Amino acid sequence: MDSTHRLVPLFTSQQIASRISELAAEIKRDYHDRCPLMLGVLKGSFVFLADLVRQLDFPVELDFIRVASYGAGQETSGRVKLLSEPVAAVEGRHVLLVEDIVDSGITTDFINGWLKAKGTASVKLCALLDKPSRRRREVGVDYRGFVVPDRFVVGYGLDMDEKYRNLPGISVLNGE
Ligand code: 5GP
């Protein structure tokens, strides 16, 4: 795709699909009678959210929140900006935040604060990937797909300068 980067496969689409089935079973156990508002964090979570909701056979609602923290690099700027809030009213709702990856935790922490200020009934977090070694904010991941090492990963919705989101699996990006 880009000759300056080498992609080293980490999780295949089959591995991701089977882990998502397990996560869906956990989510069903907790939310089957609560019609959660599943809130995807754009853009990275769009593939994960689409696959996850199709494994849920009970009523859910969907919306998106869009934030920016990284700019064009691989390091968080430490500042999060709300680019677009959900259209749905979140007040009184059981919100399940759906993220591609929790790294420093700064993004999640910001969104949690924003949601709580809006008066949600509850907020839990479902993250496909978790990089706990990089944490700078304490963030509880209630439903976790995979723990990943401190490497920059792409694919399955995750980008590097907007590239690679379309890859069906997840790879480590090596080199510059
Ligand atoms: P945090 O605020 O937890 O440091 O970062 C959250 C966001 O940073 C994620 O939603 C994602 O967009 C981006 N991010 C963190 N680590 C990675 C990574 O390894 N690969 C990619 N593509 N994005 C990452």
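To be clear, the structure that these remarks concern was listed above.
This section reports on the structure supplied with the text. None of the values given here were measured: they were computed from a predicted structure. (Residues numbered from 1 in each chain as written. Predicted model: local features only at pLDDT ≥ 70, side-chain atom pairs only at ≥ 80, totals over all residues. Heavy atoms only, no water.)

Let us now look at the side chain of Thr107. Take Thr107: it is sitting in helix H3 (residues 106–117). Since its relative accessible area comes to 16%, Thr107 is described here as buried. Here Thr107 is in contact with Val67, Ser69, Val80 and Glu99, once residues within four sequence places are set aside. (Helix = DSSP H or I, 4+ residues; strand = E, 2+ residues; numbered from the N terminus. Buried < 20%, exposed > 50% of the residue type's maximum accessible area, 1.4 Å probe, protein only. Contact = heavy atoms within 4.5 Å.)

Taking 1.5 Å of rise per residue, the 12 residues of H3 would be expected to cover 16 Å, and the 17 Å separating its terminal C-alpha atoms lies within 8% of that figure. Turning to H3, its buried residues number three or more, namely Ile106, Thr107, Thr108, Ile111, Asn112, Trp114 and Leu115. Tucked into the core, H3 has its buried residues touching strand E2 (37–42), strand E3 (61–68), strand E4 (81–84), strand E5 (94–102) and strand E6 (122–130). (Expected span 1.5 Å × (residues − 1).)

Once that is clear, we can look at the sheet that holds E3. The strand order E4-E3-E2-E5-E6-E7 describes an open sheet built from six strands, whose pairing is mixed. Because the sheet does not close on itself, it has two edges, and the strands there are E4 and strand E7 (143–147). The mean angle between the axes of side-by-side strands here comes to 30 degrees, regardless of whether they run parallel or antiparallel. The pairing of E2 with E3 spans six bridges and is parallel. Bridge assignment links Val41 to a residue of E3, and that residue is Ile65. Along the sheet face, H3 touches E2, E3, E4, E5 and E6 and points at about 165 degrees away from the line of E5. (Pairing = 2+ DSSP bridges. Axes fitted to C-alpha atoms, helices over the stretch in contact; angles between N-to-C directions.)

Our focus in this paragraph is the environment of Arg135. Relative to the helices and strands, Arg135 resides in the loop between E6 and E7. The spacing of Arg135 and Ser104 is 31 residues in sequence and 4.1 Å in space, taken between C-alpha atoms. Excluding residues that lie within four positions of it along the chain, Arg135 makes contacts with Val102, Asp103, Ser104, Gly105, Asp130 and Val141. Polar side-chain contacts of Arg135 include one of 3.5 Å to the backbone oxygen of Lys131. (Polar contact = N/O pair within 3.5 Å; in protein donor to acceptor, adjacent residues only side chain to side chain.)

Taken in spatial order, the three strands line up as E1-E9-E8 in an open sheet, and their pairing is antiparallel. Across the chains shown, the open sheet's two edge strands, defined by having one partner strand only, are strand E1 (6–11) and strand E8 (153–154).

Taken together, 16 residues lie around the ligand, and Asp100, Ser104, Thr107, Val153 and Asp159 are the ones closest in. Contact distances for the ligand include 2.5 Å between an oxygen atom and a side-chain N or O atom of Ser104. One of the side-chain nitrogen or oxygen atoms of Thr107 is found 2.5 Å away from an oxygen atom of the ligand. Against a free-state accessible area of 510 Å², the protein chains account for coverage of 91% of the ligand. For the shell around the ligand, the secondary structure elements donating two or more residues are E5 and H3. A per-element tally of the shell around the ligand places E5 first, with four residues. (Near = heavy atom within 4 Å. Areas by Shrake-Rupley, 256 points an atom, 1.4 Å probe, with all protein chains shown as cover.)

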